[in-house]
Amino acid sequence: MKTIKLIFISLVLTTCYGCNQNIDLKQVEFLIGVWKIEGKESYESWEKREDRLKGLSYKIKNGQKVVSETIEIYVLENQIIYYPTVFNQNDGKGIPFKLIQFEQNLFSFENAEHNFPKKIQYQILSDNELYISVLGENDKGFSYKLIKQIN
């Protein structure tokens, strides 16, 4: 009987370990492309490079691209991490946000320890539209719509 219990426990642990290994970036590859903030000359662009997604937030001023933020999304310890570095904030250091919620087209990256934001949410409205919410305490913050320009 002990042998059967040990085999069962081993099987369960092996199965659970295998499940955790299936975490990959395919869940967030919908971001790949160039997105424009509705009504503004501000953009977010994403591309896949090796084992991560790399993104930029930028504006077009006088015909020049002015980058304000770099973003990386990668897997670390079976967790998808959203890692933005906003220029002139946080002493130039990036802040990690973990993918906490991903259901019904809502992807919520969260870091309860950060002052603002605590959540960065991407909601898929369609193949060409995303709704972004940048939220702090009590889910207060700002939101905007992104429209896909280039795949």
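Whatever comes next refers back to the structure up there.
This one's a predicted model, so the numbers in the text were calculated from it and none came from an experiment. (Residues numbered from 1 in each chain as written. Predicted model: local features only at pLDDT ≥ 70, side-chain atom pairs only at ≥ 80, totals over all residues. Heavy atoms only, no water.)

Some remarks on the packing of aromatic side chains
Then, number 1: This model, assessed by the stated rule, comprises ten aromatic pairs.
Then, number 2: With a centroid separation of 6.4 Å and 80° between ring planes, the pair formed by Tyr82 and Phe97 is classed as edge-to-face. Taken together, the positions of Tyr82 in strand β5 (residues 79–86) and Phe97 in strand β6 (residues 97–103) put the pair 15 residues apart, joining distant regions of the chain. Neither residue differs from the other here; Tyr82 and Phe97 are each classed as buried.
Then, number 3: Three or more aromatic residues joined by ring pairs form one cluster here, namely Trp46, Tyr82, Phe97, Phe109 and Tyr122.
Then, number 4: The positively charged end of Lys65 is found above the aromatic ring belonging to Tyr58, 4.5 Å away from the centroid. (Phe/Tyr/Trp six-rings, centres within 6.5 Å; stacked < 30°, edge-to-face > 60°. Helix = DSSP H or I, 4+ residues; strand = E, 2+ residues; numbered from the N terminus. Buried < 20%, exposed > 50% of the residue type's maximum accessible area, 1.4 Å probe, protein only. Lys NZ or Arg CZ within 6 Å of the ring centre and 35° of its normal.)

Some thoughts on unusual backbone geometry
Then, number 1: Each neighbour pair has its own omega, and for Phe116 with Pro117 the value is -5°, a cis peptide bond.
Then, number 2: Along the chain, Pro117 turns up in the loop between β7 (106–110) and β8 (119–126).
Then, number 3: At Glu50, a residue that is not glycine, the phi angle is positive and equals roughly 55°.
Then, number 4: Turning to its location among the elements, Glu50 is positioned in the loop between β2 (42–49) and β3 (52–61).
Then, number 5: Given a relative accessible area of 76%, Glu50 falls into the exposed group.

A look at the pairing of β5
Then, number 1: In terms of strand pairing, strand β4 (residues 64–76) meets β5 through eight bridges, oriented antiparallel. Across the sheet, residue Thr70 finds its bridge partner in β5, namely Thr85.
Then, number 2: In textbook terms, the turn of a hairpin is the stretch between consecutive antiparallel strands, and for β4 and β5 this stretch comprises two residues, one of which, Glu77, has a positive phi near 50°.
Then, number 3: As defined by bridge partners, β5 adjoins β6 across two bridges and the pair is classed as antiparallel. Its bridge partner lying in β6, Tyr82 is registered against Phe97. (Pairing = 2+ DSSP bridges.)

Digging into the sheet that holds β7
Sheet strands pair via backbone hydrogen bonds, and the direction of the pair is either parallel or antiparallel.
Then, number 1: Spatial ordering of the closed barrel is given by β1-β2-β3-β4-β5-β6-β7-β8-β9-β10, a layout of ten strands whose pairing is antiparallel. Each neighbouring strand pair of the sheet contributes to a mean axis angle of 25°, computed without reference to strand direction.
Then, number 2: Sheet analysis places β7 next to β8, joined by five bridges and oriented antiparallel. Residue pairing for β8: Ser108 is matched across the bridge by Gln121. (Axes fitted to C-alpha atoms, helices over the stretch in contact; angles between N-to-C directions.)

Observations concerning the side chain of Ser42
Then, number 1: Along the chain, the position of Ser42 falls in strand β2.
Then, number 2: Look at Ser42 and you get buried, because its relative accessible area is 9%.
Then, number 3: In this structure Ser42 touches Trp35, Lys36, Ile37, Tyr58 and Lys59, once residues within four positions along its chain are discounted. (Contact = heavy atoms within 4.5 Å.)

Some details on the layout of surface pockets
Which parts of space are left empty comes out when a probe the size of a water molecule is rolled across the atoms.
Then, number 1: Of the pockets and cavities examined, the largest pocket occupies roughly 690 Å³.
Then, number 2: Among the elements of the structure, β2, β3, β4, β5, β8, β9 (129–135) and β10 (141–150) are those that each provide at least two residues to the lining of the largest pocket.
Then, number 3: Counting residues per element, the lining of the largest pocket draws most heavily on β3, at four residues.
Then, number 4: Tallied by class, the residues present in the lining of the largest pocket amount to 18 nonpolar, six polar and five charged. (1 Å grid on protein atoms, 1.4 Å probe; cavity = no way out; pocket = protein on both sides within 12 Å on 5 of 7 lines; lining within 4 Å. Points joined across faces, edges and corners; volume = space filled by probe spheres on them. Nonpolar A, V, L, I, M, F, W, Y, C, P; charged D, E, K, R; others polar.)

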